[in-house]
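Geometric and topological summary
The lines below spell out each chain.
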Amino acid sequence: MKINSELLLILSNISEYFALTVILVKISIEDIKHKIIEDRMNLLVCIIGISLICVNCVLKNWTGSFSTESAFINIKSIFSEIAVKCLTASIIPIFIICLNFFVKNAFGGGDIKLIFALGTIFEFEELLGIMAIGTVLAGVFGGFVWCCKRKRTSVDKGLYIPFAPFISIGTIITFIAG
C-alpha cells in the first residue's frame, strides 16, 4: 500500500493547527481571568511547532520506504530546521524585551514567551503579521475601554489589557488567511 505523503502532511497540519487553536483559547481565557500565561501552555505550543517541523521534514523527503541514509538526512534537516526556527523566533521577543526597558510593563513575560513559541510554527513574516494584527486589535480595544470609562484620570495607569487574546486572534487570522 502506497502512502500519499501530501495527504499525510495535510492531515497532520490540520490536526496540529486544531490543537494550537484549543491551546490558544485556553491561554486567552487564563490571561483574561488571572493575568498570567502558564509556561506549560507555551511549552505545548513549542512542542506543536517542533512536531510540525519534524513531520514536514520527514514527509518532504519521503521516498516511500525507510532507509538508513534517508533517516540520517531527515535527522540532519530536522535539527537544522529547528535551529533556524528558534533563531528567527527569538528576534521579535528580543525586540519586545528591549521595548519593555523604555515602556515599563508594555508586554508581560508570558506574552513574550508565547510569541517565541508561535515563532516555532510560523515564518518570520507571518509572526510580524500576528504581532501587527494583535497590536492593532489591542489598541482599538484599549481605546474603546478608555473612552467608555465613566471616571477617567489624566493618566490611567490601572488599565490592564491582556494581550494573549489578541495574539491568539492574530494567529488564527494568519493561519486561515494562509
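My aim in this report is to walk through the structure given alongside it, one point at a time.

About the cut-offs
Residues numbered from 1 in each chain as written. Predicted model: local features only at pLDDT ≥ 70, side-chain atom pairs only at ≥ 80, totals over all residues. Heavy atoms only, no water. Salt bridge = Lys/Arg side-chain N within 4 Å of Asp/Glu carboxyl O. Helix = DSSP H or I, 4+ residues; strand = E, 2+ residues; numbered from the N terminus. Buried < 20%, exposed > 50% of the residue type's maximum accessible area, 1.4 Å probe, protein only. Polar contact = N/O pair within 3.5 Å; in protein donor to acceptor, adjacent residues only side chain to side chain. Contact = heavy atoms within 4.5 Å. Expected span 1.5 Å × (residues − 1). Core = buried A, V, L, I, M, F, W, Y, C linked by side-chain atoms within 4.5 Å.

What follows is about the pattern of salt bridges. Counted under the stated rule, the structure contains 4 salt bridges. Between E30 and K26 there is a salt bridge, with its nearest N and O atoms 3.3 Å apart. You can see E30 and its partner K26 sitting in helix α1 (residues 5-34), 4 residues apart, about one turn around the helix. The exposure class assigned to K26 is partly exposed, which follows from its relative accessible area of 33%. Across the salt bridge formed by D39 and K113, the nearest N and O atoms sit 2.6 Å from each other. Here D39, found in helix α2 (residues 39-60), pairs with K113, found in helix α4 (residues 109-119); they are 74 residues apart in sequence, far enough to count as distant. The class of D39 is partly exposed, set by a relative accessible area of 47%. Overall, the relative accessible area of 38% leaves K113 in the partly exposed class.

As a further point, take the side chain of S168. Tracing the chain through its elements places S168 in helix α6 (residues 164-177). Taking the relative accessible area as the measure of exposure, S168 reaches 4% and is therefore buried. Only 3.4 Å separates the side chain of S168 from the backbone oxygen of L24, close enough to count as a polar contact. Residue contacts for S168: discarding those within four places in its chain leaves L24 and S28.

Right, let's talk about α2 for a bit. Under the 1.5 Å per step criterion, the end-to-end length of α2 is 31 Å for 22 residues, consistent within 8% with the ideal 32 Å. For α2, the complete set of buried residues consists of M41, N42, V45, C46, I48, G49, L52, I53, C57 and L59.

Formed by 28 residues in total, the largest nonpolar core has its most connected members in L20, I27, V45, L114 and L118. Elements with a contribution of two residues or more to this core: α1, α2, α3 (68-102), α4, α5 (124-148) and α6. Residue contacts for I27: discarding those within four places in its chain leaves I37, M41, N42, V45, L114 and A164.

Along the chain, T174 turns up in helix α6. Since its relative accessible area comes to 11%, T174 is described here as buried. Discounting chain neighbours no more than four positions away, the residues touching T174 are F122, E126, G129, I130 and I133.

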